[in-house]
Amino acid sequence: DGAVIDSQFFTTSSIFGACYAHSNGGSGWLFKKLYYVDIIGMASDSNVKHGYEFHGCRSVTLHGGAEANGKKALFIKDSYGTVATIGAVNNLEGAVELDASFYTTLLGGILTGTSGTAVTGVNGSNRLKIIGTGMEGNYTANRVSGVDVLDDQAISTAIQTNGKNWSLGLSGALQTSA
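Below you will find a few notes about this structure.

About the criteria used
Residues numbered from 1 in each chain as written. Predicted model: local features only at pLDDT ≥ 70, side-chain atom pairs only at ≥ 80, totals over all residues. Heavy atoms only, no water. Helix = DSSP H or I, 4+ residues; strand = E, 2+ residues; numbered from the N terminus. Buried < 20%, exposed > 50% of the residue type's maximum accessible area, 1.4 Å probe, protein only. Phe/Tyr/Trp six-rings, centres within 6.5 Å; stacked < 30°, edge-to-face > 60°. Pairing = 2+ DSSP bridges. Salt bridge = Lys/Arg side-chain N within 4 Å of Asp/Glu carboxyl O. Contact = heavy atoms within 4.5 Å.

**Some words on unusual backbone geometry**
Then, in step 1: Despite not being glycine, Ala68 shows a phi value in the positive range, around 55°.
Then, in step 2: Structurally, Ala68 is set in the loop between strand S7 (58-67) and strand S8 (74-77).
Then, in step 3: Despite not being glycine, Asn90 shows a phi value in the positive range, around 50°.
Then, in step 4: Of note, Asn90 is situated in the loop between strand S9 (83-89) and strand S10 (94-99).
Then, in step 5: Using a relative accessible area of 43% as the deciding quantity, one classes Asn90 as partly exposed.

**Quick look at the packing of aromatic side chains**
Then, in step 1: Scanning all chains against the criterion turns up four aromatic pairs.
Then, in step 2: Aromatic side chains Trp29 and Phe31 sit 6.3 Å apart centroid to centroid with 20° between the ring planes, which places their arrangement in the stacked category. Residue Trp29 shares its accessibility class with Phe31, and that shared class is buried.
Then, in step 3: Judged by its relative accessible area of 1%, Phe31 falls in the buried class.

**Observations concerning the sheet that holds strand S13 (residues 117-122)**
Strands belonging to one sheet form pairs held by backbone hydrogen bonds; the direction of such a pair is parallel or antiparallel.
Then, in step 1: With respect to topology, seven strands assemble into an open sheet ordered S1-S4-S6-S8-S10-S13-S16, the strand pairing being parallel. If you trace the sheet from one side to the other, it starts and ends with strand S1 (3-6) and strand S16 (144-145), each paired once.

**A closer look at the pattern of salt bridges**
Then, in step 1: Counted by the stated rule, this structure contains two salt bridges.
Then, in step 2: The residue Glu53 makes a salt bridge to Lys49 at a minimum N-O spacing of 3.6 Å.
Then, in step 3: Overall, the relative accessible area of 5% leaves Glu53 in the buried class.
Then, in step 4: Between Lys77 and Asp99 there is a salt bridge whose closest N-O contact spans 3.2 Å. With Lys77 in strand S8 and Asp99 in strand S10, this pair connects stretches of sequence that are 22 residues apart.
Then, in step 5: Since its relative accessible area comes to 8%, Asp99 is described here as buried.

**So, the environment of Phe10**
Then, in step 1: When you line up the elements, Phe10 lands in the loop between S1 and strand S2 (12-17).
Then, in step 2: You can call Phe10 partly exposed: its relative accessible area is 35%.
Then, in step 3: Spatially, the C-alpha atom of Phe10 lies 9.4 Å from that of Lys32, the residues being 22 residues apart in sequence.
Then, in step 4: Residues in contact with Phe10, not counting those within four places in the same chain, are Ile5, Phe16 and Leu34.

**Let's talk about the environment of Ser145**
Then, in step 1: With respect to the helices and strands, Ser145 occurs in strand S16.
Then, in step 2: Its relative accessible area of 36% is what places Ser145 among the partly exposed residues.
Then, in step 3: Residues Ser145 and Thr117 lie 28 residues apart in sequence; the distance between their C-alpha atoms is 7.2 Å.
Then, in step 4: Once residues lying within four places of it in the same chain are set aside, the contact partners of Ser145 are Thr117, Val119, Thr120 and Gly121.

As structure tokens, then:
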């Protein structure tokens, strides 16, 4: 892997920014057991595995890009509370994979590619929210597989049905008030 950042050195309330991982034999960035972390303005391109991997992380925010990686742009395992704004372009196996991960939000960004599925969930992953994220190329037809999702369309329908005041609850359900 390019950079392994784990709880041995950082555990909570950290910020990583303006760094680039390129052409590594594993993943570009591997974050393990970190809590309340912001990853800002980073890139991870042309790595053998994933652009970014999160393992056992809680409340991580990612703003970055990942292009032409051998697997996914973003792989999230045993984590919850991840918010990602990512530009994922032409990663070989798709853009994002959730493995036993919960309460993930894709907020803005763009997912584009010619192979794979934009977002894949395995091992009981759920509570995915997709808000304002563009999906292009192969991903217009192959958006999401194996995970419950609340996307722009569901939000729009709920707003039209339930009134003006709404918010997303932690359970992924829309909460409304008169």
